[in-house]
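Residue strings, one per chain:
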Amino acid sequence: MTYLPNIIFAVLLLCGIGFFIKNISRLRRNINLGKDVDVTDNKAIRFKNMARIALGQSKMVVRPIAGFLHVIVYVGFIIINIEVLEIIIDGLLGTHRIFASLGGFYDVLIGSFEILAFLVIVAVVVFWIRRNIIRLKRFMKPEMTGWPKTDGNLILYIELVLMFLFLTMNAADYQLQSMGAEHYTQAGSFPISQYLATLFEGMSESSLVLVERTAWWLHIVGILCFLNYLYYSKHLHILLAFPNTYYGNLEAKGKFKNNKAVTQEVKLMMDPSADPYAAPAEGAAVPEKFGASDVTDLSWVQLLNAYTCTECGRCTSECPANQTGKLLSPRKIMMDTRDRLEEVGKNIDKNKGQFVADGKQLLGDYITNEELWACTSCNACVEACPVSIDPLSIIMDMRQYLVMEQSSAPSDLNNMMGNIENNGAPWPFNQMDRLNWKQEL
Amino acid sequence: MQTELKVPTMAELSAAGQKPEVLFWVGCAGSFDDRAKKITKAFVKILNKAKVSFAVLGTEESCTGDPAKRAGNEFLFQMQAVTNIEVMNAYEIKKVVTACPHCFNTLKNEYPELGGNYEVVHHTQFLKQLLDEGKITMEGGQFKGKRITFHDPCYLGRANNVYEAPRELIRKLDAELVEMKNCKKKGLCCGAGGAQMFKEPENGNKDINIERTEQAIETKPDIIAAGCPFCNTMMTDGVKNKEKEGSVAVLDIAEMIASAEDL
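Residues numbered from 1 in each chain as written. Chains lettered and ligands numbered in written order. Predicted model: local features only at pLDDT ≥ 70, side-chain atom pairs only at ≥ 80, totals over all residues. Heavy atoms only, no water.

Turning our attention to helix 3 (residues 34-49) of chain B. Residues and elements named next belong to chain B. For helix 3, spanning 16 residues, the distance from its first C-alpha to its last is 23 Å, which sits close to the expected 22 Å at 1.5 Å a residue. By the burial criterion, the buried members of helix 3 are Ala36, Lys37, Ile39, Thr40, Lys41, Ala42, Phe43, Val44, Ile46, Leu47 and Asn48. Between the side-chain oxygen of the N-cap and the backbone nitrogen of Arg35 there are 3.1 Å, and the N-cap of helix 3 in question is Asp33. Looking one or two residues past helix 3, Lys51 carries a phi angle of roughly 55 degrees, positive in sign. (Helix = DSSP H or I, 4+ residues; strand = E, 2+ residues; numbered from the N terminus. Expected span 1.5 Å × (residues − 1). Buried < 20%, exposed > 50% of the residue type's maximum accessible area, 1.4 Å probe, protein only. Polar contact = N/O pair within 3.5 Å; in protein donor to acceptor, adjacent residues only side chain to side chain.)

Structure (structure tokens):
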């Protein structure tokens, strides 16, 4: 019976990690529904970008208040995870504070975890106030109702509860240590929880042990639950920010990719020796669809972008179309892409690995033409994203579909394109008049 | 004093067995738009004054395809690109300068994959170089002490990270350069990019150029400097809408340099 807690712990840990692996494999499967793109180049630059942008949070601090608070929570998250390692070992072996033998260094560790935990609590409270009391504009956009709003707050509540459990656990431990309770070795320094411990004064040893154990168990179970919550949440960014910044665009932002399939067509048209009546070769592949109308037409990097988005809305708040009241919100483009991808993924799960047409697609059912046509392609959203997401590339791919597959551009644009086609300028001027300005004085 | 502009075409030079150092890509706006033609002429005046060996394609130039690509018509874009590249490669062009950031971006970034490899510079970069080489001198003159704010064109700034060349030119005019609340990397679009120039805006509560013009006017400028014919149109419209055309001028940097030099 003495091994019962160890066994329960091992089972919980295995379940937690097992579900997490299952979530990750689902995530990988969904992302791989995207078209292949070659991003194996420039490894050194990519690592540098990842180190600078994700690890170094360089773009977060462009907005100093949110950036500073975020760095606190981020550092807290990483550092406090060292404590989780100890908790896991203790849980499996039935030991208590196994790293205590580190002596003075252990005191420094626990002390700094406590200070970080306190700072995280402060940051999380400020974040909550920004979302719910100050109601910052970018958190109040139409796409931020329902689940996205709940999700944003839930994350804050979970982090708050986890930090309180951590401090409660330490406070009870501290109290037990000073009472000289068996099993509770003198270890650690408790710059924050010692103040909480005053609440426990006068409590019996057995009640304190109960408090300490409850907090300890809830803390680790909470962490395992949170780990599995990620897949369903915008909070996935804590993992995906790293690959996403690694695979982020390395070219000039103004360089939009040239569609290779179109290049083939154009080459054929320009080749005087090509036979215009040639029948396609036997068994030739069906011509590719131009542009994107659904998530499977996008590249896997664009799909990774969608899962990485944490809905901070910096893109939307910088978007000139959104600022002037248009329907377009780059954040919504990313959220819609993820939602549709999830829907496609669930469809595949339900139908034994095969996607069964559901009569829906990203274009129309999620993203409307009006949103797409409001974009000025100014790259403000791309510049604003702290984790190298590129909403603009999705907008452009979908415009390409609208024009090349559906011929459904706004009529003004059809006129413009007709002019380019006929006289080499977006306006109806004769190409032969291109140099007339020289004579006009 | 108005001397005639010297604007050789590639065809003329080629017939005479000559090759210019640089091709001036005029662009559709620079060729046809009444406001932008003034920029073209101002730039040519400077080129003439600095005795730059240049030529234009003239009637052999055609739209780069930028608005078609941004509107989603990849096929039309690539047809334009391949046609232009054929012409430019036939003339063995090495260097291109243009006063339009959209042409600049497309020629620089999107043509190489299709076979067009040139050194492409924006006219503000080119002018900065002429200045550094002492080929033009700039005395502030009429711009001395004027408050000038520079509107970053998206396709020059964010798209290609050119922020300093236009600003250095403004400073050289002895003018007081003032920045808008959104500038450089955070510059706000004028509303014309992505083929918006050629269509009505979607429903909203404001036009983008009005928003941007308000930001510019907040700096209390005498001049809003631009480096793009489309931004120029949008900002000029914005200033008119705000009924400020009497006190705020919208000028391209080339125009300011040309008039500072009294060309």
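Additional details are given in the paragraphs that follow.
This next bit is on the sheet that holds strand 7 (residues 223-226) of chain B. All names here are of chain B. The four strands are arranged 6-5-7-8 in an open sheet whose pairing can be described as parallel. Bordering the open sheet on either side are strand 6 (176-178) and strand 8 (249-252), each of which pairs with just one other strand. Averaged over all pairs of adjacent strands, the angle between their axes in this sheet comes to 35 degrees, without regard to strand direction. Across four bridges, the pairing between strand 7 and strand 8 is parallel. Counterpart to Ile223 in the pairing with strand 8 is Ala249. Those strands touched by helix 8 (residues 164-172) are strand 5 (147-150), strand 6 and strand 7, and its axis lies near 175 degrees from that of strand 5. Packing against the sheet, helix 11 (residues 253-260) makes contact with strand 5, strand 7 and strand 8, and its axis sits at approximately 90 degrees to strand 8. (Pairing = 2+ DSSP bridges. Axes fitted to C-alpha atoms, helices over the stretch in contact; angles between N-to-C directions. Contact = heavy atoms within 4.5 Å.)

All names here are of chain B. Per the domain assignment, the segments of chain B are domain 1 (10-129) and domain 2 (137-260). Here the C-alpha centre of domain 2 lies 22 Å away from the C-alpha centre of domain 1. The partner domain 2 presents 28 residues to the 26 residues of domain 1 that form the contact. On the domain 1 side of the interface with domain 2, the three residues burying the most area are Arg35, His102 and Thr124, jointly 24% of the side's total. The interface formed by domain 1 and domain 2 includes two salt bridges. The salt bridge partner of Glu255 is Arg35, with a shortest N-O separation of 2.8 Å. (Domains from an automatic or database assignment. Buried area = accessible area lost by both parts, 1.4 Å probe. Salt bridge = Lys/Arg side-chain N within 4 Å of Asp/Glu carboxyl O.)

A word on the domain arrangement of chain A. All names here are of chain A. Each assigned domain of chain A is listed with its residue range as follows: domain 1 (4-40 + 50-232) and domain 2 (260-271 + 288-432). Each of domain 1 and domain 2 has a C-alpha centre, and the two are 38 Å apart. On the domain 2 side, the residues contacting the 26 residues of domain 1 number 36 residues. With both sides pooled, the region where domain 1 packs onto domain 2 buries about 2600 Å², and carbon together with sulfur makes up 52% of that total. Counting across the domain 1 and domain 2 interface gives three salt bridges. Note that Asp349 is salt-bridged to Arg29, the shortest N-O span being 3.1 Å. Inspection of the domain 1/domain 2 interface yields 20 residue pairs in polar contact (both at pLDDT 80 or more). The set of elements that each furnish at least two residues to the side of domain 1 that touches domain 2 consists of helix 1 (4-31) and helix 3 (64-93).

With that out of the way, let us pick up the nonpolar core. Residues Leu413(A), Met88(B) and Val96(B) are the most contacted members of the largest nonpolar core, which totals 113 residues. Ranked by residue count, the leading element in this core is helix 17 (residues 391-404) of chain A, at nine residues. Residues contacting Leu413(A), with those up to four places away along its chain left out, are Trp373(A), Ala71(B), Ala195(B), Phe198(B) and Lys199(B). Membership of the second largest hydrophobic core comes to 39 residues, among which are Val26(B), Leu47(B), Phe143(B) and Ile253(B). (Core = buried A, V, L, I, M, F, W, Y, C linked by side-chain atoms within 4.5 Å.)

We now examine the interface of chain B and chain A. Across the boundary between the two partners, chain B contributes 71 residues, which contact 60 residues of chain A. In this structure, the connection of chain B to chain A is made through four salt bridges. Counting across the chain B and chain A interface gives 32 residue pairs in polar contact (both at pLDDT 80 or more). Top element by residues in the side of chain B that touches chain A is helix 5 (residues 74-90) of chain B. It accounts for ten residues. Here the residues of the side of chain B that touches chain A are counted per class, giving 28 nonpolar, 24 polar and 19 charged. (Nonpolar A, V, L, I, M, F, W, Y, C, P; charged D, E, K, R; others polar.)

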